[in-house]
Amino acid sequence: MKFGAMFVDVLRSVFTRPATRLYPKVRTKAPARLHGKLYWDPKLCTGCTLCVKDCPADAIELITIDRATKHFVMRYHADRCTYCAQCVVSCRFKCLGMSNEGWELAALKKEAFTVEYGSEADLAKLFAVEHPGEGIPPAGEKPASALE
Amino acid sequence: MTTESLLQQAESLLATMSRGSTRPETNRLDVVIESSGLVPAVSALKNARWGYLTALTGLDLGVEAGVVEALYHFCSDAAVTTLRVRLPRIGGSVPSIYQLIPAVGFYERELAEMYGVTVTGMPDDSRLFLPDDWPVGVYPLLKDFDPQSAQPVKVPPPPRGSSTGERFIIPIGPQHPALKEPGHFEFTVDGEIVTAARMRLGYVHRGIEKAVEQRNWIQSLYLLERVCGICSHTHSVAYCLGVEQLAQVEVPPRAQAIRELIAGLERIHSHLLWLGVAAHEAGFDTLFMYSWRDRETVMDLLETVSGNRVNYSANILGGVKIDITAEFAEAIRRGIDYLEERSRHYLDIVTTDTMFLQRTRGIGAMTREQAEHFGVLGPLARASGILRDVRVEAPYGAYTRFPISAVTAQAGDLEARFVVRLKELFVTCNAIRTILDNLPPGELAVKVPRRIPAGETISRVEAPRGELFYFIRSTGGDKPDRVKVRTPSLCNWTSVLHQAIGCQLADVPLLLAGMDPCFSCNDR
Ligand code: SF4
Ligand code: SF4
C-alpha cells in the first residue's frame, strides 16, 4: 500500500516534452501503407466493374465512354469511401491503389469530394455529355476535382 | 471430455424432448423441440451443468415456409448444442426461460420485438432496442418487413420519475453529463443504496443484422467490421471464419497467424483504453491520461501495419490483405516491449495505490457461482475464477498453433478485473512475440467463391470483452440470408445490473465501467 503511486510519473513529465503532436504546425509523415485517397489507372482497366460491385460504400462509379476501345472514366466519392481497400484487392488488373499522401481531405464544399479520373480526352467527352452547351473547360482544369 | 462425447451426452439428456436431431457440423448438434418442451430441455442441460447458454437466434424461413425458428445455442468447450423451436410466422409463442437462465432476458426481449414471437412469462417485456415511437406489430427482422410500414406513432410522454416514501428512481442517460454513452438506466435508490436497476438500449441501433441481408458477402464484411470501433478486427475475423467454413476453404497458415497478431494488438489497445476509462470513472485521471498516452503506441502500430487506425480492414474473405515483413516485425517488437514495461508499472499501481484500492478492493465482488448463474463472459468471468475463453476452450484459426494461456483470478471484485486485464496484456505480448518469431511462410489468401454454398454455421471468437458469437446462414446466393451477432457486452449486462443492487450509488459508475461495456456492440 502506498500513497501517490503515480507521483514519479508526474514529476518526470515536468521535464519531458508534451506528448501532444503539434499538428498542423508540424506534419508527421504518414505510414507508407496508410489508406488515403484512392487513385485509378485508366490504361489497365478492362471495365469488369468488380471494384464497383464489391465496394461496401457505393463510393465508385465506372462510366463507360467507349466499351469497344475500353475507355472509361471513374467517378470516386471520397466522402463515401471507408478506405477499406477492398476495391484494390478486387481489381485483378492492379488499376487501383491508395495514396498515403492524400489524407488531409477536409473541404468546405461537398463537390470537392467527387473526383473524376480518366484521360484528358475522356474527361472532356464526359463533361460535354453531362453539361451540354457549356463548352469544354480549359485543359488542366478538371471538372469538380478540387481535392488535390 | 472430447467434443464428440459432449455432444453424445447432450443428445441423451435431450432424448425425451427431441423431435429429431441432426449433426450439421462435427462440433454441432441441432435438436428440434416443441415450445412446450423448451423448459424441460433447458433444465436438463442446466441441471447436468452442460455448458452455458451463449445466444438466442431468431430465424425467419420466409413467407412460403411460414416458419420462424427460435434457436437456443448452448456451448460447452467446442461443442455447440442448438435447441430449435419451430413456430408459426404469426402468433408464435415460447415460454420464457428467464427463471433458469437470467442472461436470456435481453435475448428474449430482442426476439419478441424483432420477430413478433410472444415470450410468455418474461419479467420485463418493455422495449429494449426499438424506438418508443415504433409502431406495434411491425417486426423488422422478418423477411417481408416493409420499411414504409415503420412510420413513427405518437407516444405519450414518459411518466415522471416517481417517488414513494424514501425511494427515488434516478434516471441516467441517454444524455447525461456523467455517462458518455447512449444508454438509459433507471436506478431505484433507498438513501444511497441501489435497490433496483433497469436499462434501455437502442438509441444508436443501426440494424446491421438486417442491412447485411441486402449486401453481398464481401460488402457485409466491412459493415460487420463496423459493429464496434474497438474490437472491429474480432468482428471481421468471426464473420470470415464463418463464411470460410461455409465455403469449405482453408485459410493459409500465414494469414491465420497475421489475424491472431492483429487481434493481439487490438486486445492491447482495447484493454489500455478500458484501463483509462475505468481509472477515470474512479476519479484517477492521472492513470487515465498516462495509459491513453501509451495506447497511442499500439494505435500507431496498427496504423502502420494495416493502413487504418480504427477499422483496420486487415481481413478479406479467404485470408488477409496485409503482410508482416521483417521491418514491420521489428517495429511491433519495439512497441510491445515498451507497452509491456508500462503495463507492469500500471499493474503495480492498481494493486498498491491506497486511494485507488478503496474504490476497487472488495467492491462489486461476484462469486464463481454468481458468475456462472448470470452466464458472464470474458475478463469478467475470468476475474471470478471461471476459465471462459474461446481461444482456450475452442481454439480457432492460429490459436491451435500459437496457443495462449488464460489468466484467471479468484476475488471477482473490481480489483481482480483490473489484474486480469493487465495480466492478459503480458500474455498477449508474449503471444505476439512467438508469432513474429515463427511466422509461417506462404500465401496470404485463397479464393472464396462469390456465391457461398447453402448451409448454416456458427463461429465463436474471443473479443477483448469476451466471447463473440456469429450465426451465419446462406441459401446459396451472393448475399447472406441471416447473420446473427451476439456481442459479449449484451451478455454481461445482466450480472452487472443485478450486482448494482445493494451497492452505493457512487460505486455504480465504476461497477459499470468494470464490465467494459460497449454500447456500439449492443446496438448492432
Ligand atoms: S476503399 Fe473501400 S469504400 Fe473506398 S472505394 Fe475502395 S472499396 Fe469502396
Ligand atoms: S476492378 Fe479493375 S479492371 Fe475491373 S472495373 Fe475496377 S478498376 Fe477496372
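Definitions and cut-offs
- Residues numbered from 1 in each chain as written.
- Chains lettered and ligands numbered in written order.
- Predicted model: local features only at pLDDT ≥ 70, side-chain atom pairs only at ≥ 80, totals over all residues.
- Heavy atoms only, no water.
- Pairing = 2+ DSSP bridges.
- Helix = DSSP H or I, 4+ residues; strand = E, 2+ residues; numbered from the N terminus.
- Axes fitted to C-alpha atoms, helices over the stretch in contact; angles between N-to-C directions.
- Contact = heavy atoms within 4.5 Å.
- Salt bridge = Lys/Arg side-chain N within 4 Å of Asp/Glu carboxyl O.
- Buried < 20%, exposed > 50% of the residue type's maximum accessible area, 1.4 Å probe, protein only.
- Buried area = accessible area lost by both parts, 1.4 Å probe.
- Polar contact = N/O pair within 3.5 Å; in protein donor to acceptor, adjacent residues only side chain to side chain.
- Nonpolar A, V, L, I, M, F, W, Y, C, P; charged D, E, K, R; others polar.
- Near = heavy atom within 4 Å.
- 1 Å grid on protein atoms, 1.4 Å probe; cavity = no way out; pocket = protein on both sides within 12 Å on 5 of 7 lines; lining within 4 Å.
- Sits in = over half its atoms within 2 Å of the grid points.
- Domains from an automatic or database assignment.
- pLDDT = per-residue confidence, 0-100.
- Core = buried A, V, L, I, M, F, W, Y, C linked by side-chain atoms within 4.5 Å.
- Left-handed = near helix turned anticlockwise from the far one by under 90°.

Asks: What exactly am I supposed to notice about the sheet that holds strand 14 (residues 455-463) of chain B here?
Replies: Sheets are built from strands that pair by backbone hydrogen bonding, the pairs being arranged parallel or antiparallel. All names here are of chain B. On the basis of which strands lie adjacent, the open sheet formed by three strands has the order 14-15-16 and antiparallel pairing. Each end of this open sheet is capped by a strand with a single partner; those strands are strand 14 and strand 16 (482-486). Sheet twist, expressed as the average angle between the axes of neighbouring strands with direction ignored, equals 15 degrees. Both strand 14 and strand 15 (residues 466-474) contribute to a ladder of nine bridges, which runs antiparallel. When the sheet's bridge partners are listed, Thr457 is paired in strand 15 with Ile472. This element, helix 6 (residues 232-247), spans strand 14, strand 15 and strand 16 of the sheet and lies at about 150 degrees to strand 14.

Asks: Explanation requested: the pattern of salt bridges in the structure shown.
Replies: Oppositely charged side chains are able to pair whenever their charged atoms sit close together. Residue and element names in this part refer to chain B. Enumeration over the complete set of coordinates arrives at 49 salt bridges over all chains. In this structure, the salt-bridge partner of Lys484 is Glu110, at a minimum N-O distance of 3.4 Å. In this pair, Lys484 is assigned in strand 16 and Glu110 in helix 3 (residues 104-115), connecting sequence segments 374 residues apart. Note on Glu110: relative accessible area 5%, which makes it buried. For the salt bridge of Asp481 with Arg473, the shortest nitrogen-to-oxygen distance reads 2.7 Å. Given the relative accessible area of 18%, Arg473 is considered buried. Within the structure, one salt-bridge network assembled from shared partners comprises Glu25, Arg28, Asp30, Glu69, Arg84, Arg86, Lys143, Glu213, Glu456, Arg473 and Asp481.

Asks: Whenever I open this one, the interface of chain A and chain B confuses me. Can you help?
Replies: Accessible area lost during the coming together of the parts is what is often quoted as the interface size. The interface is formed by 26 residues belonging to chain A together with 36 residues belonging to chain B. Here chain A meets chain B over a buried area of about 2,500 Å², counting both sides, of which 54% is carbon and sulfur. As a salt-bridge pair, Arg450(B) and Asp54(A) come within 2.7 Å of each other at their nearest N and O atoms. Linking chain A to chain B there are 17 residue pairs in polar contact (both at pLDDT 80 or more). Of all elements in the fold, only helix 1 (7-14), helix 2 (50-54) and helix 3 (86-90) of chain A reach the threshold of two or more residues within the side of chain A that touches chain B. Classifying every residue of the side of chain A that touches chain B gives 15 nonpolar, five polar and six charged.

Asks: Looking at this structure, how should I read the side chain of Asp9(A)?
Replies: By secondary structure assignment, the location of Asp9(A) is in helix 1. A polar side-chain atom of Asp9(A) sits 2.8 Å from a polar atom in the side chain of His345(B). Not counting residues within four places of it along the chain, the set of residues in contact with Asp9(A) comprises Tyr290(B), Arg342(B) and His345(B).

Asks: Please clarify how the site of ligand 1 should be interpreted in this entry.
Replies: Taken together, Cys55(A), Pro56(A), Ala57(A), Ala59(A), Ile60(A), Cys81(A), Thr82(A), Tyr83(A), Cys84(A), Ala85(A), Cys87(A) and Met98(A) make up all the residues around ligand 1. If you map ligand 1 onto the pockets, it falls in the second largest cavity.

Asks: How should I be thinking about the domain arrangement of chain B in this particular structure?
Replies: Residues and elements named next belong to chain B. Along its sequence, chain B is carved into domain 1 (3-149) and domain 2 (208-523). Between the C-alpha centres of domain 1 and domain 2 there is a distance of 26 Å. Between domain 1 and domain 2, the residue contacts involve 35 residues of the former and 31 residues of the latter. Counting the surface lost from both domain 1 and domain 2, the interface buries some 2,700 Å², and carbon and sulfur atoms represent 53% of this. In this structure, the connection of domain 1 to domain 2 is made through five salt bridges. Among the salt bridges present, the one from Arg49 reaches Glu372, with a minimum N-O distance of 2.7 Å. There are 17 residue pairs in polar contact (both at pLDDT 80 or more) connecting domain 1 and domain 2. With seven residues, strand 3 (residues 52-60) is the single largest residue contributor to the side of domain 1 that touches domain 2. Residues of the side of domain 1 that touches domain 2, tallied by class, amount to 21 nonpolar, five polar and nine charged.

Asks: Sorry if this is basic, but what is going on with the site of ligand 2 here?
Replies: Inspection of the region around ligand 2 gives Trp40(A), Cys45(A), Thr46(A), Gly47(A), Cys48(A), Thr49(A), Cys51(A), Leu62(A), Cys91(A), Phe93(A), Cys95(A) and Leu96(A) as its neighbouring residues. Its residues assigned to classes, the shell around ligand 2 comprises nine nonpolar, three polar and no charged.

Asks: Sorry if this is basic, but what is going on with the confidence of the model for chain A here?
Replies: Reading fine detail from the predicted coordinates is not recommended where pLDDT is low. For chain A, per-residue confidence averages 81 on the pLDDT scale, and 89% of positions sit at 70 or higher. This stretch, residues 140-148 of chain A, has a pLDDT under 50; its non-local contacts, to residues over four places away or in other chains, come to 19 contacts.

Asks: For this particular structure, what's the right way to read unusual backbone geometry?
Replies: A negative phi angle characterises most non-glycine residues, just as the trans form characterises most peptide bonds. For the bond from Tyr23(A) to Pro24(A), the omega torsion is 5 degrees, close enough to zero to count as cis. By secondary structure assignment, the location of Pro24(A) is in the loop between helix 1 and strand 1 (38-40). The backbone of Ala85(A) sits at a positive phi, close to 70 degrees, despite the residue not being glycine. Looking at the element boundaries, Ala85(A) is found in the loop between strand 3 (71-77) and helix 3. If you check the backbone angles, Ser313(B) has positive phi at about 55 degrees while not being a glycine. Along the chain, Ser313(B) turns up in the loop between helix 8 (285-306) and strand 12 (315-316). Take Ser313(B): its relative accessible area is 1%, and that puts it in the buried class.

Asks: Looking at this structure, how should I read the environment of Met199(B)?
Replies: If you trace the backbone, Met199(B) turns up in strand 11 (residues 193-200). Once residues lying within four places of it in the same chain are set aside, the contact partners of Met199(B) are Phe106(B), Arg109(B), Leu128(B), His184(B), Phe185(B), Trp493(B) and Leu497(B).

Asks: What is the right way to look at the nonpolar core in this model?
Replies: Across soluble globular proteins, nonpolar side chains show a tendency to be buried alongside one another. All names here are of chain B. Judged by nonpolar contacts, the single largest core of 86 residues is most densely connected at Leu38, Tyr72, Phe74, Leu83, Val94 and Phe185. Per element, the largest residue contribution to this core is seven residues, and it comes from helix 3. Residue-level mapping places this core at the junction of two domains, with at least three residues from each of domain 1 (3-149) and domain 2 (208-523). For Leu83, the residues in contact, after removing those within four places along its chain, are Leu14, Val31, Ile33, Leu38, Ala41, Val42, Leu45, Ala70, Leu71, Tyr72 and Phe74.

Asks: Please clarify how the packing of helix 7 (residues 253-281) of chain B against helix 9 (residues 326-352) of chain B should be interpreted in this entry.
Replies: For any two helices packed against each other, one specifies the crossing angle of their axes together with the interaxial distance. Residues and elements named next belong to chain B. Where helix 7 meets helix 9, the closest approach of the two axes is 12 Å, and the angle between their N-to-C directions is 35 degrees. The crossing of helix 7 and helix 9 is left-handed. From helix 7, Leu261, Leu265, Ile268, Leu272 and Leu275 reach across to helix 9, where they touch Ile332, Ile336, Leu339, Tyr346 and Val350. Among the residues forming the contact of helix 7 with helix 9, the class breakdown is 10 nonpolar, no polar and no charged.

Asks: Would you explain the side chain of Glu340(B) in this entry?
Replies: Examined against the element boundaries, Glu340(B) turns out to sit in helix 9. Apart from the residues lying within four places of it in its own chain, the contact partners of Glu340(B) are Phe426(B), Cys429(B), Asn430(B) and Arg433(B).

Asks: Looking at this structure, how should I read the sheet that holds strand 2 (residues 28-33) of chain B?
Replies: Residues and elements named next belong to chain B. With mixed pairing, five strands are arranged side by side in an open sheet as 1-2-5-4-3. A single partner strand is all that each edge strand has here, and the edge strands are strand 1 (21-22) and strand 3. Inspection of the sheet shows strand 4 (residues 67-76) paired to strand 5 (residues 79-88) by 10 bridges, in the antiparallel sense. Opposite Ser76, over in strand 5, you have Ala79 as the bridge partner. Sitting on the sheet, helix 1 (residues 3-13) touches strand 1, strand 2, strand 4 and strand 5, and the angle it makes with strand 5 is about 35 degrees. The sheet strands contacting helix 3 are strand 3 and strand 4, and the helix crosses strand 3 at an angle near 0 degrees.

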